[in-house]
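Commentary on secondary and tertiary structure
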Amino acid sequence: MDNRIKLYIWFSVIFSVLGEEWTADVVKSIDALVGSCVVLPCTVSHPGTYLSTSRLRGIWHRKDKWEEFFYHDDSTKILDSFKGRTRLLGNLGQNNCTLEIVDVKDHDNGPFCFRIELVRKDTDQPSKEKFSFVEKCADITMIHDKPQLNLSPIKTATQGKPYTLTCSVHHTCPSHPPQIKWNRERKDDNITEVHKHIHSGIWEAESILSFVPEEKDDESELTCTATFSAGIKYEAKFTLNVKRQQNYNHIIIPAVAVTATAVIFGLFCVLMVKKYNMWNRMSRLSLLQK
């Protein structure tokens, strides 16, 4: 193929790529529990064909200071206050630029902005194609209060019948979900864990306790404890009320006893009557023979 034609095709591809738009979708605002971790959902799209992760470099930086990095693949460039606490969860080649921040601090409130760079194959250095999405940055609202643990359904249990109680809590870090434990974990108890994605950046951890209440469980206290990363613990308590099953033994047993006595007495009477009749016939027969 003529070199001029090759050059024309190469420029056509470059201009078509540059003429299209790179976009990123970043969560606008999210709550995070201080001391826990948080995930900032992010997706990026680019024009043209597939680009491998090795050709792309994802960077998170301040909105007003582009060279202050929250995350960079060269850890020496990351701000000291964020070193060792950030990583990309997503695969850039699959358009996922999600950022995770662990051990959340009070000062981790951003805004956090994403930038993507095309890297040269031969030198692994960024090319001139760099795209910062400062119009779509993420803010983090710090939560110092205890997260709400929900216990449901709170209802009266019945002795001898299966009973189920659910403890759930929202969190912002699927890689380090809170661990939920109960203060009763008996041999016959059944505990099921469920993890759900509620919406962008929010997940739910759920523990379902199933057991058969006994009479001794009445007015016992059930405690559900959620332990977040960094050892932060929160509790929810519930006093169990157990309704006793109706016991009809005090009625049934005497009734059975009376009935049995009546039957036995009736059989005795029948036998006595038969015995009397037989004795009577034998007496008459004896008189006739004389």
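Before going into details, it helps to say that this report is about the structure given with it. Predicted model only: the values in this text are computed from it and were never measured.

Across the sheet, which stays open at both edges, the four strands sit in the order β12-β14-β17-β16 with antiparallel pairing between neighbours. Two strands lie at the open edges of the sheet, namely β12 (150–152) and β16 (190–199), each paired on one side alone. When the angles between neighbouring strand axes are averaged without regard to direction, this sheet yields 20°. Sheet topology places β12 next to strand β14 (residues 163–171); three bridges connect them, and they run antiparallel. Bridging across to β14, Asn150 finds its partner in Ser168.

Take the side chain of Thr98 next. Mapping Thr98 onto the fold places it in the loop between β7 (86–88) and β8 (99–101). For Thr98, a relative accessible area of 10% corresponds to the buried category. A polar contact of 2.7 Å, which involves the side chain of Thr98, links it to the side chain of Asn96. Apart from the residues within four sequence positions on either side, Thr98 is in contact with Val39, Leu40, Pro41, Cys42, Arg87, Leu88, Leu89 and Gly90.

Quick look at the sheet that holds strand β19 (residues 233–240) now. As summarised here, the arrangement of the three strands in space is β15-β18-β19, forming an open sheet in which the pairing is antiparallel. This sheet does not close on itself; its edge strands, each paired only once, are β15 (179–182) and β19. Strand-to-strand, the axes of this sheet are offset by a mean angle of 15°, without reference to chain direction. Summarising the sheet, strand β18 (residues 220–227) and β19 pair through eight bridges and their orientation is antiparallel. The residue bridging Leu222 from the neighbouring strand is Phe238, located in β19.

This brings us to the environment of Gly48. Relative to the helices and strands, Gly48 resides in the loop between β4 (42–45) and β5 (56–62). Taking the relative accessible area as the measure of exposure, Gly48 reaches 49% and is therefore partly exposed.

In this structure, the second largest pocket spans a volume of roughly 210 Å³. Lining the second largest pocket are 14 residues, and of these Ile143, Pro147, His170, His171 and Thr172 sit closest to its centre. Of all the secondary structure elements, the ones that give two or more residues to the lining of the second largest pocket are β2 (29–33) and β14. If you tally residues by element for the lining of the second largest pocket, the top one is β2, at three residues. Along the lines of polarity and charge, the residues of the lining of the second largest pocket split into eight nonpolar, five polar and one charged. For the lining of the second largest pocket, the domains that each give at least three residues are domain 1 (23–143) and domain 2 (150–243).

Once that is clear, we can look at the nonpolar core. With 33 residues, the main nonpolar core has Leu40, Trp60, Phe112, Phe114 and Ile140 as its most contacted residues. Among the elements that line this core, the one with the most residues is strand β9 (residues 112–119), at four residues. One finds Ala157, Tyr163, Leu165 and Val242 within the second-largest nonpolar core, a separate group that totals 23 residues.

With that out of the way, let us pick up the pairing of strand β17 (residues 202–211). Most of β17 is tucked away, with eight of its ten residues classed as buried. Pairing of β14 with β17 involves nine bridges; the strand directions are antiparallel. Counted as the bridge partner of Thr164 is Ser210 from β17. When β16 meets β17, the two strands line up antiparallel, connected through nine bridges. The partner of Val194 across the bridge, within β17, is Glu206. Taking the residues that link successive antiparallel strands as the turn, the β16-β17 hairpin has two residues, and the phi of Gly201 there is positive, at about 80°.

Calculation rules
Residues numbered from 1 in each chain as written. Predicted model: local features only at pLDDT ≥ 70, side-chain atom pairs only at ≥ 80, totals over all residues. Heavy atoms only, no water. Pairing = 2+ DSSP bridges. Helix = DSSP H or I, 4+ residues; strand = E, 2+ residues; numbered from the N terminus. Axes fitted to C-alpha atoms, helices over the stretch in contact; angles between N-to-C directions. Buried < 20%, exposed > 50% of the residue type's maximum accessible area, 1.4 Å probe, protein only. Polar contact = N/O pair within 3.5 Å; in protein donor to acceptor, adjacent residues only side chain to side chain. Contact = heavy atoms within 4.5 Å. 1 Å grid on protein atoms, 1.4 Å probe; cavity = no way out; pocket = protein on both sides within 12 Å on 5 of 7 lines; lining within 4 Å. Points joined across faces, edges and corners; volume = space filled by probe spheres on them. Nonpolar A, V, L, I, M, F, W, Y, C, P; charged D, E, K, R; others polar. Domains from an automatic or database assignment. Core = buried A, V, L, I, M, F, W, Y, C linked by side-chain atoms within 4.5 Å.

So far we have only geometry, and geometry alone does not tell us how the molecule works.
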